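Below, each chain spelled out in residue letters.
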Amino acid sequence: MRILLTGASGTLGSAVLPRLIQDGHEVRPMSRRARPGWVTADLATGSGLAEAVRDVDAVVHLASSPTRTRETDVEGTRRLVAAAKAAGVRHVVYVSIIGIDRVPFPYYRMKLAAEAVIRAGGVPFTLLRAAQFPTLIDTLLQWSGKLGPVLIDKRLTFQPVAVQDVADALAKVLAADAVDGIVEIAGPRVATLDELARDWLRARGSRRPVWPIHIPGKVARAVRAGALTSPARAGGTRTWRDYLAAKY
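The structure presented is a predicted model; accordingly, all values stated were derived computationally and were not measured.

Parameters and conventions
Residues numbered from 1 in each chain as written. Predicted model: local features only at pLDDT ≥ 70, side-chain atom pairs only at ≥ 80, totals over all residues. Heavy atoms only, no water. Helix = DSSP H or I, 4+ residues; strand = E, 2+ residues; numbered from the N terminus. Buried < 20%, exposed > 50% of the residue type's maximum accessible area, 1.4 Å probe, protein only. Contact = heavy atoms within 4.5 Å. Polar contact = N/O pair within 3.5 Å; in protein donor to acceptor, adjacent residues only side chain to side chain. Pairing = 2+ DSSP bridges. Axes fitted to C-alpha atoms, helices over the stretch in contact; angles between N-to-C directions. Right-handed = clockwise from strand over helix to strand, strands pointing away. Phe/Tyr/Trp six-rings, centres within 6.5 Å; stacked < 30°, edge-to-face > 60°. Lys NZ or Arg CZ within 6 Å of the ring centre and 35° of its normal. Expected span 1.5 Å × (residues − 1). Arc of directions from axis to C-beta.

Here's the deal with the environment of Lys247
Line of reasoning, step 1. Structurally, the position occupied by Lys247 is in helix α9 (residues 240–247).
Line of reasoning, step 2. The exposure class of Lys247 is partly exposed, given its relative accessible area of 44%.
Line of reasoning, step 3. Distance from Lys247 to Arg2, taken between C-alpha atoms, is 34 Å for residues 245 residues apart in sequence.
Line of reasoning, step 4. Those residues within four positions of Lys247 in sequence are excluded, and the remaining contacts are Asp138 and Gln142.
Line of reasoning, step 5. There is a polar contact of 2.8 Å between the side chain of Lys247 and the side chain of Asp138.

Quick look at the structure:
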């Protein structure tokens, strides 16, 4: 297929782009800045989108902005889907996050709004919701240990999924018809942040202590209750410990 790939230079896009090429697709990576062999378009303004989607069979939408979320993720998605519909695109695949409908975090609310835009956009779609990447957990633990001891809410619960597993799941979604609904992909293990932190310290050869804190509020309460996990959809095979072994 001819596929437009937004967010092609990001953490997930860097894994998805070679995977789709490996599968024999003709991939058109998109960027706001001019790059050789890439199409230039801007979700925030709509500039270049009509040209970007011309003659493509599917759009894989990975682009996101934690700081300009409404402008990029919601309104930018609206512009992209409108252009895709006008161009006769047959499948829009949007990568989202497991639990965004259960965790009242502002960024997640914007992702949920972007999903609603796609549902109403008039183009066949699949919403691929993924759990947190190991890099996010890694960054969280690095930040939590800046003062020496690792200060964490031990009962926060995650199901980290490898970026490559998400890329593989996305390739399978593209090989099938649009489901006009949600597909989920999570890692093989549900674990508390305490368990993940102890694995992390062992991998780094660190003896720093783990000191418990309690994060108040609805967001943390939902995460402690497992809202970001999907044990029944543990399609990933690469583990948190695999990530740690490769990095450290």
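Still to come is the rest of the account.
Let's talk about the sheet that holds strand β2 (residues 26–31)
Line of reasoning, step 1. The strand order across the open sheet built from 7 strands is β3-β2-β1-β4-β5-β6-β9, with neighbouring strands paired in parallel fashion. Both edges of this open sheet fall to β3 (39–40) and β9 (181–185), since each of them pairs with a single strand only.
Line of reasoning, step 2. Of the strand pairs in this sheet, strand β1 (residues 2–6) and β2 are connected by 4 bridges, and their pairing is parallel. Directly across from Leu5, in β2, lies its bridge partner Pro29.
Line of reasoning, step 3. On top of the sheet, helix α3 (residues 69–87) reaches β1, β4 (58–61) and β5 (91–97); it is set at about 170° to β4, its chief contact.

Some remarks on the pairing of β2
Line of reasoning, step 1. Remark: the β1/helix α1 (residues 13–22)/β2 crossover connection has right-handed handedness.
Line of reasoning, step 2. Note that β2 and β3 share 2 bridges and pair parallel. For Met30, the partnering residue across the bridge sits in β3 and is Val39.

A few points about the environment of Pro212
Line of reasoning, step 1. You can see Pro212 is positioned in strand β11 (residues 210–212).
Line of reasoning, step 2. Considered as a pair, Pro212 and Ala86 are 126 residues apart in the sequence and their alpha carbons are 53 Å apart.
Line of reasoning, step 3. If near-sequence neighbours (up to four positions away) are discounted, Pro212 is found in contact with Ile152 and Lys154.

A short note on the packing of aromatic side chains
Centre-to-centre distance and the angle between the planes together describe a pair of aromatic rings.
Line of reasoning, step 1. Within the structure shown, the criterion is met by 3 aromatic pairs.
Line of reasoning, step 2. Ring centres of Phe105 and Tyr108 lie 5.2 Å apart, and the angle between their planes is 80°; this geometry places the pair in the edge-to-face category.
Line of reasoning, step 3. The class for Phe105 is partly exposed, based on a relative accessible area of 36%.
Line of reasoning, step 4. Here Tyr108 falls in the buried class, since its relative accessible area comes to 10%.
Line of reasoning, step 5. Centre to centre, the rings of Tyr107 and Tyr108 are 6.3 Å apart; their planes meet at 50°, and the pair counts as tilted.
Line of reasoning, step 6. Feature note: the residues Phe105, Tyr107 and Tyr108 constitute an aromatic cluster, connected by ring pairs.
Line of reasoning, step 7. The ring of Trp38 carries Arg35 above its face, with NZ or CZ at 3.9 Å from the centroid.

Some details on helix α4 (residues 106–119)
Line of reasoning, step 1. If you check α4, its first and last C-alpha atoms are 20 Å apart, about what 14 residues at 1.5 Å a residue would give, namely 20 Å.
Line of reasoning, step 2. Within α4, the full set of buried residues consists of Tyr108, Met110, Lys111, Ala114, Glu115, Val117 and Ile118. Looking straight down α4, one finds that the buried residues subtend no more than 165° of arc, so they occupy a single side.
Line of reasoning, step 3. The elements touched by buried residues of α4 are α3, β5 and β6 (125–130).

Looking at helix α5 (residues 134–144)
Line of reasoning, step 1. Along α5, the positions that sit buried rather than exposed are Pro134, Ile137, Asp138, Leu141 and Ser144. Within α5, the buried residues cover an arc of 130° as seen down the axis, which keeps them to one side.
Line of reasoning, step 2. Turning to α5, the residues buried within the fold contact β7 (150–152), β8 (157–158), α7 (193–204) and α9.

Examining unusual backbone geometry
Line of reasoning, step 1. Within the chain, Asp55 stands out as a residue other than glycine whose phi angle is a positive 65°.
Line of reasoning, step 2. Tracing the chain through its elements places Asp55 in the loop between α2 (49–53) and β4.
Line of reasoning, step 3. Among the residues examined, Asp55 registers a relative accessible area of 54% and is labelled exposed.
Line of reasoning, step 4. A positive phi angle is found at Asp180, which is not glycine, with a value near 50°.
Line of reasoning, step 5. Tracing the chain through its elements places Asp180 in the loop between α6 (163–175) and β9.

Observations concerning the side chain of Asp138
Line of reasoning, step 1. Structurally, Asp138 can be placed in helix α5.
Line of reasoning, step 2. Classification of Asp138 by relative accessible area gives buried; the value is 1%.
Line of reasoning, step 3. Sequence-distant contacts of Asp138, defined by excluding residues within four places in its chain, comprise Trp200, Trp240, Tyr243, Lys247 and Tyr248.

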